[in-house]
Amino acid sequence: MTATTMRAVLMSGDGTADVVDRPVPTPGPGEVLVQTRASAICRSDMTIYHGNPVLGAVRTGDDRRVPGHEAAGVVVALGEGVTGVAVGDRVAGYLAIGDERHPLGQRGYLMLTPGWRCFGFDVDGGDAEYFTIPAHNALPLPEAMSFEAGAVLTDMVGTQYATQRTLGVGPGDVVAVVGMGPMGSAAVLIAKARGARVIAVDVLDTRLEHARSLGADAVVDSSQEDMVAGIARETGGAGADVVIECSGNPRAQRGALDAAAKLGRVAYVGESQSAEINPSEHLIHKQLTLIGGWYFPRTLWDEIVAFVVEHDIPIEKLISHRFPLEDAAEAFAAFDRRETEKAVFIW
Ligand SMILES: [Zn+2]
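None of the values given here were measured: they were computed from a predicted structure.

(A) View of the overall build of the protein chain. What the protein chain contains, in helices and strands, is 10 helices and 17 strands. Its C-alpha atoms give the protein chain a radius of gyration of 20 Å, within 12% of the compact-globule value 20 Å for 347 residues. Along the three orthogonal principal directions, the C-alpha set of the protein chain runs to about 65 × 40 × 40 Å. When the 347 residues of the protein chain are sorted by exposure, 56% land in the buried category. Counting contacts in the protein chain only where the partners sit at least 6 residues apart, residues at least 24 apart contribute 66% of the total. Summed over its atoms, the accessible surface of the protein chain is roughly 14600 Å², and 50% of this surface lies on carbon and sulfur atoms. Side chains of the protein chain give 29 positive and 45 negative charges; the mean places of these two sets differ by 4 Å.

(B) Inspection of unusual backbone geometry at higher detail. With a phi close to 55°, Q287 is a non-glycine residue in the positive phi region. As for its placement among the helices and strands, Q287 is situated in the loop between helix 8 (279–284) and strand 15 (289–292).

(C) Representation of the state of the cysteines in the model. Under the criterion given, the structure shown has zero disulfides. Unpaired in this structure, C246 has its nearest cysteine sulfur neighbour in C42, at a distance of 12 Å. Residue classification places C246 among the buried positions, given a relative accessible area of 13%.

(D) Main features of the packing of helix 3 (residues 147–167) against helix 9 (residues 301–310). Two elements in contact, helix 3 and helix 9, have axes whose closest approach is 10 Å; the angle formed by their N-to-C orientations is 95°. It follows that helix 3 is roughly perpendicular to helix 9 by the angle criterion. In contact with G150, L153, T154, V157, G158, Y161 and R165 of helix 3, helix 9 contributes W301, E303, I304, V305, F307 and V308. Its residues placed into classes, the contact of helix 3 with helix 9 shows eight nonpolar, three polar and two charged.

(E) Fine view of the coordination of the zinc ion. In this structure, C42 (SG), H69 (NE2), E70 (OE) and D155 (OD) serve as the protein donors to the zinc ion, at separations of 1.7 to 2.3 Å. Seen from the zinc ion, its four donor atoms lie at angles of 84 to 142°, and the figure they make is irregular. Counting residues between consecutive donors of the zinc ion along the chain gives the motif C-x26-H-E-x84-D. In this pair, C42 sits in the loop between strand 3 (31–41) and helix 1 (45–49) while H69 sits in the loop between helix 1 and strand 4 (71–78), placing the two residues 27 residues apart along the sequence. In terms of burial, C42 and H69 fall into one category: buried.

(F) View of the sheet that holds strand 13 (residues 240–245). Reading across from one edge, 12-11-10-13-14-15 is the order of the six strands in this open sheet, with parallel pairing throughout. Sheet topology places strand 12 (218–221) and strand 15 at the edges, where each strand pairs with a single neighbour. In this sheet, adjacent strand axes meet at a mean angle of 20° when their direction is disregarded. Of the strand pairs in this sheet, strand 13 and strand 14 (residues 260–268) are connected by five bridges, and their pairing is parallel. The residue bridging V243 from the neighbouring strand is V266, located in strand 14. Against the sheet, helix 5 (residues 205–213) engages strand 11 (197–202) and strand 12, with an angle of about 170° to strand 12. On the sheet, helix 6 (residues 227–234) packs against strand 10 (174–178), strand 11, strand 12 and strand 13 and is oriented at approximately 155° with respect to strand 12.

Rules used throughout
- Residues numbered from 1 in each chain as written.
- Predicted model: local features only at pLDDT ≥ 70, side-chain atom pairs only at ≥ 80, totals over all residues.
- Heavy atoms only, no water.
- Helix = DSSP H or I, 4+ residues; strand = E, 2+ residues; numbered from the N terminus.
- Rg over C-alpha atoms; globule rule 2.2 N^0.38 Å.
- Buried < 20%, exposed > 50% of the residue type's maximum accessible area, 1.4 Å probe, protein only.
- Contact = heavy atoms within 4.5 Å.
- Areas by Shrake-Rupley, 256 points an atom, 1.4 Å probe, with all protein chains shown as cover.
- Lys, Arg positive; Asp, Glu negative; His and termini not counted.
- Charge placed at Lys NZ, Arg CZ, Asp CG, Glu CD.
- Disulfide = S-S within 2.5 Å.
- Axes fitted to C-alpha atoms, helices over the stretch in contact; angles between N-to-C directions.
- Parallel < 35°, antiparallel > 145°, perpendicular 65-115°, else oblique.
- Nonpolar A, V, L, I, M, F, W, Y, C, P; charged D, E, K, R; others polar.
- Donors = N, O, S within 2.8 Å, 3.2 Å for Na, K, Ca; no water.
- Tetrahedral: all angles 85-135°; square planar, octahedral: opposite > 155°, others 65-115°.
- Pairing = 2+ DSSP bridges.

As structure tokens, this is what we get:
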């Protein structure tokens, strides 16, 4: 038997986070009710926090939603018609709620189907004691994996796995990761596990140290030297086989193309609205491949989990702070001031 009210975070878009009482949601047809055990704070939550959400109903001035799109917990109730998920299952939430029958949805790309909705933006998310999610979005977590790892796996780690899989990152590659926030840190872990040599780029000493502790082979402090020159130095002038741009800084996005070797592969993962690209110089005459990395197809989950378990990837190392939900105001403020790396609410 579950409670009827729960504690949940709500934001008003003015740089504050409140913890309030809300009714425990009832799982609709095809949905499951999950008791939350971990819910991670993401940089994109800051867009809700400051009133300019990148996605979702809140952007249109609709009712406030509970944030949190990286959450994991235990299934405690099933809606009508649910099959394949049972009470007691340990699950993480797949954030894109979309049309499973659409050709793109069938391939697992629910976030590319028309009218898709985002967990924690368009619908209530995981920064609460309970959340509901379609059974199709309940990602099974193996017994060996913590809820915290599961929560973090659903966004950065999954995104990096899918992106580097598409880029074919492997032994023999030199991978430059630009921007060592949580996404860049996940990129380092995945690239190392795939057997690449990794160069981490950032402007902050502390983040470069963290990158080394995650396994980066070399670092470039782009507050001290030009990033392109630093990567050239570390690669004997050839440039990086792969550049993964996680900062979203337009100068770094251009730099990623400059720093890539001929026949190189580049992924943009950090979001921005415009960047300068010289098609002849960057793409055509270098025969470069440029892709966008954004989340992962639902169908890739089992492979992601198996990869993380097989390579014993220390996902918890991405987490610098843990908070009880009641400290949400402090947690979001600290994350906003960039005093934390990945921060997670735990129960
Ligand atoms: Zn996220």
